[in-house]
Protein chains: 2
Amino acid sequence: MEKEITIYDIAKGLGVSPTTVSRALNNHPAVKEKTKKKIFDAASELGYQSNIFAANLRSKRSNNIGVIVPSLKSNFQASVLAGMEKVASEAGFNLVISQSLESSEKEIANTKSMFNSRVDGLLISLASGAENLEHFAPFYKRGIPVIFYDRIANTDISTGVSIDNIQSAQIATNHLIEQGCKRIVHVLGSTEVSVYSERLKGYKYALIDKNIPFEDNLVIILSDINEEAGEEIVSQILKMNPLPDGLFVSNDACAASCLNHLKMNGIRVPQDMALVGFNNEIISRLVEPKITTINYPGYEMGEVAMKNLINHLEEPDTTTLQNTNKITLRSELIIRESSLKKPKT
Amino acid sequence: MEKEITIYDIAKGLGVSPTTVSRALNNHPAVKEKTKKKIFDAASELGYQSNIFAANLRSKRSNNIGVIVPSLKSNFQASVLAGMEKVASEAGFNLVISQSLESSEKEIANTKSMFNSRVDGLLISLASGAENLEHFAPFYKRGIPVIFYDRIANTDISTGVSIDNIQSAQIATNHLIEQGCKRIVHVLGSTEVSVYSERLKGYKYALIDKNIPFEDNLVIILSDINEEAGEEIVSQILKMNPLPDGLFVSNDACAASCLNHLKMNGIRVPQDMALVGFNNEIISRLVEPKITTINYPGYEMGEVAMKNLINHLEEPDTTTLQNTNKITLRSELIIRESSLKKPKT
DNA sequence: ATTAAAAATACAACCGATTTCATAAAAAAG
DNA sequence: CTTTTTTATGAAATCGGTTGTATTTTTAAT
């Protein structure tokens, strides 16, 4: 155990005060260039490493930004995190990441843990069933910025970054209707999650617009829409009479799995059933037929959310964040073979 | 700005010393139960929050574990991180994550940043081209454990968690040979990355075992093997004369993309060309034909790496880590249609 | 040359919990 | 009812930068 080199050691060695050393190392303008140089040289000579704990204690900032994701095992979340990491790292912030695993209790625990470890800001995509948002109160009370992304909260106080899920789902559903679909099944996750409940709305709006009656039993809600769910979904669809002619799945991996099981049951896509997914994941481009989907800008979402958070941290006087309630990113329908009953116009 | 509640406030309010408060809050046995209760009650009454900066300063530990990944935008890495997060979170550690983006310089910068932010341990999957490992010296010097995972370092000092890439590739190649393939193309990433250079070895060993001559031009090395690379790879393959009859791609997403382009060019899989991927990603199960692949236990790798790190942190006296050079996880070939030229035996 | 203004450096308090060592209180032993 | 042992609490130093204020040094102005 070698003893740690401190600014006091440097100061003593150079016959200056610790104050000057501290200021020099932080590039404070009130220190002469010559002195700075001397101090920098001595510091690197001695192998000095700043003790960030002491600095944090005094400055009351950790330079850490917390991110809570529903699950790390998600293409979309991985993209978001990549965008966040890039921006944070460029601005000199570290990312502290934890996952709620769709459990409200774990989300609360994670939030507390982030608060106790004194992150400078928090980015969070809500777990399903997180209707009570009291666990963020400590952050607001202390003025620590919290930004929701993707699965945002519908309260007035919060700032959120997301896409227009209602519109996206409406466009997707509308596209299926235009392709001649009359009975469209919509598969989604728990409506406790904002993105799903909004997409359901969009689906309904599209139907209403075209005077197609909304049928409850055409909506399949599962707690987890993923690869495994495909079999169950298709078996449910096959029991419907008459058979639906359109399928809008809120997630590409699940859509691809449905496609697979539909094919296994002799149902042709798009001829018998047109299919639209969501997210524009790689899988949507590599299955056969390629899946029509909504392009969902995960990486950009991460960048935007992080940029906003950091802007706010660096200029706390601007009231941007408080006044910004919602940032909506552009999303778009990407039409591929899986939905084309009619020739492309 | 409300002033922060400290243990001094609690102490003053109760007429005890800060020492006792500190001990009580840490559940020290030398404090009477009655006193503890009194202190806990006062603490929650006042809304006390421990100042972790001060605690860190004194205890010289951050309770943070750093993870450096080549890229967050990766199914595999996401799985690994999920495993790590679960174990870390259960043990009360936070995860600080950054990505090197396959750049050696950024890896060095990230490593420094992790060191300066005083993580208690470091987990890292090396960026390609990271032959020089001096940037980890400060960690070793200070006794901060570093564990490599997946893309490990081949030095004596380091501990690594990975699969047996040589053997896996050998089994995969051998499987293709047994299916009757005579000319097998191997697609891999930069051989500067341990996993790829090892798989290339395995590929060669399998050929040698079966007395098939190794041909340099059957090996396609790309800096990034991903979806986009498929087109280029297939075009290169089509130029080969005679046409190969087997294809072993070191990554499922890329394999799926190759499959796509092969089909577009009228090449039947597996009849004309048998295909094996790597990673057992979801995509390998949903394309047609389903892709034979190596199951790669990402989540478990994350768990194992993190467990080992934490064990070491909690029992630094045991010399487990120093003496453990390498932990190898089980991997296996999963045979699906894409490689079955012969009927399954 | 003298004074005013500006620039550079130093002093000392502070951030808030932890911990060693000493001391007081309570319990056990004689 | 002492004396010894055990248990519980406290005083004060410490971790290592940061920062408001004071002081010294340097430069500019008169």
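Counting restarts for each chain: residues are numbered from 1 in the order of the written sequence. Chain letters and ligand numbers both follow the written order, the letters beginning at A and the numbers at 1. Confidence filtering applies because this is a predicted model: local features only for residues at pLDDT of at least 70, side-chain atom pairs given and counted only at 80 or more, and all residues used for totals across whole chains, interfaces and linings. The side-chain quantities take in all heavy atoms of the structure and omit both hydrogens and water.

Description of the packing of helix α5 (residues 75-90) of chain A against helix α13 (residues 298-314) of chain A
All names here are of chain A.
Then comes step 1: Orientation is described by lines fitted to C-alpha atoms, with helices fitted over the stretch in contact, and by angles between N-to-C directions that extend from 0 to 180 degrees. By definition, any uninterrupted DSSP run of H or I lasting at least four residues is a helix, any uninterrupted run of E lasting at least two residues is a strand, and each is numbered from the N terminus. Orientation of α5 relative to α13, taken along the N-to-C sense of each, is 40 degrees, at an axis distance of 7 Å. In terms of orientation, α5 lies oblique with respect to α13. With respect to the hand of their crossing, α5 and α13 are arranged in right-handed fashion. Only Gly298, Tyr299, Met301, Gly302, Glu303, Ala305, Met306, Lys307 and Ile310 of α13 make contact with α5, whose side of the interface consists of Phe76, Ser79, Val80, Ala82, Gly83, Met84, Lys86, Val87 and Ala88.
Then comes step 2: Across the contact of α5 with α13, the residue classes break down as 11 nonpolar, four polar and three charged. Should an angle fall under 35 degrees it is called roughly parallel, over 145 degrees roughly antiparallel, and 65 to 115 degrees roughly perpendicular, with every other angle called oblique. Each crossing gets its handedness from the near helix: less than a right angle anticlockwise from the far helix is left-handed, clockwise is right-handed. Here, residues are in contact when the closest pair of their heavy atoms is within 4.5 Å. Three classes are used: nonpolar for Ala, Val, Leu, Ile, Met, Phe, Trp, Tyr, Cys and Pro, charged for Asp, Glu, Lys and Arg, and polar for all others, with Gly counted as polar.

Focus: the relation of the copies chain A and chain B
Then comes step 1: Between the two copies, chain A and chain B, the superposition gives an RMSD of 0.2 Å; the rotation angle is 180 degrees and the shift along the axis is 0.0 Å. Here the two chains are linked by the operation of a two-fold rotation axis. Taking C-alpha positions as reference, the residue of chain A nearest the rotation axis is Val96 of chain A, located at 2.2 Å. The copies were overlaid with a least-squares fit restricted to C-alpha atoms from residues scoring a pLDDT of at least 70 in each copy.

Notes on the interface of chain A and chain B
Then comes step 1: Contacts between chain A and chain B engage 52 residues on the former and 52 residues on the latter.
Then comes step 2: Defined here as a combined quantity, buried area equals the accessible surface (1.4 Å probe) lost by two parts on assembly, summed across both. In this assembly, chain A packs against chain B so that about 4,700 Å² is buried in total across both faces, 53% of it on carbon and sulfur atoms.
Then comes step 3: Contact with chain B buries surface across chain A, with Phe53, Arg118 and Leu286 of chain A losing the most and accounting together for 16% of the total.
Then comes step 4: In what follows, salt bridge is the name for a side-chain nitrogen of Lys or Arg lying within 4 Å of a carboxyl oxygen of Asp or Glu. Residues Arg285 of chain B and Glu227 of chain A are paired through a salt bridge, measuring 2.3 Å at the closest nitrogen-oxygen approach.
Then comes step 5: A 3.5 Å cut-off defines polar contacts: any pair of N or O atoms within that distance qualifies, except that in protein one atom must be a possible hydrogen donor and the other a possible acceptor, and neighbouring residues in sequence count only when both atoms are side-chain atoms. Linking chain A with chain B are 27 residue pairs in polar contact (both at pLDDT 80 or more).
Then comes step 6: Going through the elements one at a time, α4 (52-59), α5, β2 (94-99), α6 (104-116), α7 (137-142), α11 (252-264) and α12 (282-286) of chain A are the ones with two or more residues in the side of chain A that touches chain B.
Then comes step 7: Here the side of chain A that touches chain B takes eight residues from α5 of chain A, the largest share from any one element.

Brief notes about the UniProt feature "domain: HTH lacI-type" (unreviewed entry) in chain A
Then comes step 1: UniProt positions are given in the numbering used here, feature names are shortened, and annotations may be inferred rather than shown by experiment. Per the UniProt annotation, the sites labelled "domain: HTH lacI-type" (unreviewed entry) are residues 5-59 of chain A.
Then comes step 2: Helix makes up 69% of residues 5-59 of chain A and strand 0%. Its end C-alpha atoms lie 21 Å apart.

A look at the sheet that holds strand β2 (residues 94-99) of chain B
Then comes step 1: One open sheet accounts for 12 strands, arranged β11(A)-β5(A)-β4(A)-β3(A)-β1(A)-β2(A)-β2(B)-β1(B)-β3(B)-β4(B)-β5(B)-β11(B); its pairing is mixed. The outermost strands of the open sheet, each flanked by one partner alone, are β11 (326-329) of chain A together with β11 (326-329) of chain B. The average undirected angle you get between the axes of adjacent strands in this sheet is 20 degrees. Any two strands between which DSSP finds at least two bridges are classified as paired.

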